[in-house]
Structure formats: C-alpha cells, structure tokens
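# A structural walkthrough
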Amino acid sequence: MTYKITVTETSDCFEVAPGEALLDGAERAGVSLAHDCRFGGCGTCRVRLLEGKVEYEEQPFGLSEEEAAQGYALACQAQPMSDLTISATVRAADYIPPEYHTARIEGLDQLSHDVTHLVLRIPSAQDVRFHPGQYLNIMLEDGTPRSFSMASPPSGDLFDLHIRRVPGGRFTERLYDHYRVGDALDVELPLGEFRYQSEERRPLLLVAGGTGLAPIKAIIESLREREDVPEIAFYWGVRGQHDLYMDSALRELGQGFQGFHYVPVLSQPESDWAGRKGYVHTAICEDISDFSRFDAYLCGPPPMIESAKNAFIKRGLPVDRIFSDSFNFTHEIAAA
Ligand SMILES: Cc1cc2nc3c(=O)[nH]c(=O)nc-3n(C[C@H](O)[C@H](O)[C@H](O)COP(=O)(O)OP(=O)(O)OC[C@H]3O[C@@H](n4cnc5c(N)ncnc54)[C@H](O)[C@@H]3O)c2cc1C
Ligand code: FES
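Residues numbered from 1 in each chain as written. Chains lettered and ligands numbered in written order. Predicted model: local features only at pLDDT ≥ 70, side-chain atom pairs only at ≥ 80, totals over all residues.

The next subject is the domain arrangement of the protein chain. A common way to state how big an interface is: give the accessible area lost once the parts meet. Domain parsing of the protein chain yields domain 1 (3-88), domain 2 (99-191) and domain 3 (204-328). One C-alpha centre belongs to domain 2, the other to domain 3; they are set 23 Å apart. Between domain 2 and domain 3, the residue contacts involve 15 residues of the former and 14 residues of the latter. Of the residues forming the side of domain 2 that touches domain 3, the biggest block, four residues, is contributed by strand 12 (residues 158-164). (Domains from an automatic or database assignment. Contact = placed C-beta atoms within 7 Å. Helix = DSSP H or I, 4+ residues; strand = E, 2+ residues; numbered from the N terminus.)

If you want it as structure tokens, here you go:
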C-alpha cells in the first residue's frame, strides 16, 4: 500500500510508503521540494496540509507550535497517514548545486570578545554565485561539516564569515590558537534556501540573534542594488553591549536606505544601557501593531527562531511569509 500525494502548485503527484517521509517519496519521483537539513531542524521543507493527515516518529523541533496548529508539516520528517494534498515550495529554478573547494584563510580578526571575522579566499569559486543568505560548510578532518553563513553578497573569490566561539567547540575554539592566515580549509558551497524572496515589496521585518546577523547583513547589502527596496525594520538581539560587534557599521549601512529602522535589543544589558532591553521578539511585539503588513526573515539560535515565529504568527503574520535560518548543530543531529 502507498499514499498518493498531490502538490497543488505544480499538480505533481507522487507515492509515499507508510513509514516513509514525504520528502523521500518526492525525491524518488523526481519532485524537488525545497529542503536543507533533512533532520527536522531548519524548517525549510515546510509544507501546508490542505487535505489528509501526517504523523512523526518524534515531533521535529524546526516546526513551531503555531505552525503545526495552522496545518503546516515538515516534509523531511512527516509520514503520511492518508492520501494528502499539500501546498509546497518547489526548489527554485535558480538553485545553485553545491560543490567542494579548497579555501585559504585570507583574514582572521576579532570582531568582539567571542566573534571572529574569518575571510576565505576560494579561487575555484570565483565564478560560483550564491544567494545572499546562504551558507557554506567547512569540512573538518573527520569529514563532519561546520556551517557558517556568508556575511556579505558575492565578491569575487572572497567569502566573509562571522564565527561565534562555542566553548569547547572543535572548530570555533581552534580559530583562537590553531589556525593562521594562509592555512587551507575544505569547504562546500553554496548551501541553504534562506534568501530574499519578497517580490511584492511588503515592508521587511529582519530579525537576527547574535551571529545570525551574518546572512541578514548579506541580504541587506544586496538590497542596495535594487531600486524598489521596501521599508526595513531590522532588530538585532544580543546579550550585552560588548556583543554589538557591528553597531556603527549597521547604522552606516542603514543610511543608504529610505525607511530603515535599526533597533539593537539587549537581553542582559549593562546598567548604563539606555536602549531596548529583553528578548528581541518581545521588543518587536511591543513596537509593531500590524504584523500582517510584513514579510519576516529570522536568523539565529533555534530558541529565538521558535519564540519569534510563535509570537508573530499569533499576532497575524501569515506563516508562509516567515523565512528563517536556524543555527542548529546539524552535524550532531545527523550523527544522532
Ligand atoms: C545553516 C547554519 C548556518 C550557521 N551560520 C553560522 C554563522 O554564520 N555564524 C556562527 O557563529 N554560527 C553559525 N552556525 C552555527 C555553527 O555551525 C556552530 O556554532 C558550529 O558548527 C560549532 O562548531 P564547533 O566545532 O566549534 O562546535 P562543536 O564541537 O560542534 O560543539 C561543541 C559542543 O558545544 C555544544 N554547543 C555548540 N554550540 C552550542 C550553543 N550555541 N549552545 C549550546 N551548546 C552548544 C555542542 O552541542 C557540543 O556538545 C550556523 C549553523 C547552521 C546550521
Ligand atoms: S529540511 Fe526539513 S526541517 Fe530542514
């Protein structure tokens, strides 16, 4: 027995066996649903169930309660319990397949007490385009990847990254005492489906947590090339003032746009901080009364993404206008 799955946007049909994930069945049939991590973490493979039911072996953490309540499912984890009709995003026509390259460390500077600016030169990727918002994988000696988002739009063979030090982290700790300018690293790029995709010129709500700033900054910089840039509300959540590692650069960047509103929000502010305090999604909910006007782009740690999604959906932001990139530890989930 198999279940029949119909995708409304494309009228594609495919079969999925009981116990099989929707994404696996779609791939077998040559239907390329958008996806990234395949572990239920990133939320990229989100589909809307129009008819039918699914179940999970384990509730995926990349699907917020509000998304599930509104009938959304994650195709990489959801197993059909009946025939389904789904609304799904098919992989974009301008999808760029990832490739492996050898990079050399071109720059290694401290942006703050725990964030490094790593600049890679990748001559063989000189002509490789990527969409601002995407990431690359640095491959460690044991073959496990470490993911980092490009912090600037394409610029020849240079790729810049903002890397937060993870205490005890095998790769990020070694940026402090092991790697030097000129060292070689194996990389895979470009990866991920997080990118600017708002063609309707709705106001943008951009939300970054910590080094989640990197892909958001790349997207903002790429918008400078466009003539039809909408109003931008950009919130950056960090712990303390010493974590605002690009505050003045961001203020300067905003001056290139009309209607650019930048708000840093500190969750553990020093006593002399006169700006916004608390969780970034709470500050946004205090400021915005009509969420339905916006397209939202969220990037940062998984708990921030989940809280922001739940809060914004509850206040009227349509689920399919939320695009997110969650900084999971994909290699660990894969190993598990
Ligand atoms: C798509 C994507 C894009 C990303 N982009 C960026 C980026 O631009 N900049 C950036 O700084 N990071 C980014 N990350 C996160 C980054 O990949 C991880 O911080 C990195 O892989 C850690 O590698 P490591 O070898 O130093 O740590 P590991 O050796 O992998 O981890 C060491 C230990 O610390 C734990 N740990 C690691 N991080 C945390 C944490 N935050 N909180 C609690 N425990 C933790 C792990 O569970 C593990 O036990 C991104 C992640 C994804 C999935
Ligand atoms: S691909 Fe399904 S959640 Fe990431």
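Once the structure has been displayed, the description carries forward.
Looking now at the nonpolar core. With 59 residues, the main nonpolar core has Leu136, Leu206, Val207, Tyr235, Ala296 and Tyr297 as its most contacted residues. For this core, the leading source of residues is helix 4 (residues 213-223), giving six residues. Lining this core are residues from two domains, each supplying at least three of them: domain 2 (99-191) and domain 3 (204-328). Leave out the neighbours within four places in its chain, and Tyr297 touches Leu204, Leu206, Ile216, Ile219 and Phe323. Judged by nonpolar contacts, the second largest core, of 22 residues, contains Val16, Val47, Cys76 and Ile86. (Core = buried A, V, L, I, M, F, W, Y, C linked by C-beta atoms within 7 Å. Buried ≥ 20, exposed ≤ 12 C-beta atoms within 10 Å, placed from the backbone.)

Moving on to the sheet that holds strand 9 (residues 115-121). An order of 11-10-13-8-9-12 is seen for the six strands of this open sheet, with the pairing classed as antiparallel. Of all strands in the sheet, those bounded by a partner on one side alone are strand 11 (145-149) and strand 12. On average, adjacent strands in this sheet sit at an angle of 40° to one another, irrespective of strand direction. Direction of pairing for strand 8 (residues 99-110) relative to strand 13 (residues 184-191): antiparallel, over a ladder of six bridges. Paired with Ala103 across the bridge in strand 13 is Leu185. (Pairing = 2+ DSSP bridges. Axes fitted to C-alpha atoms, helices over the stretch in contact; angles between N-to-C directions.)

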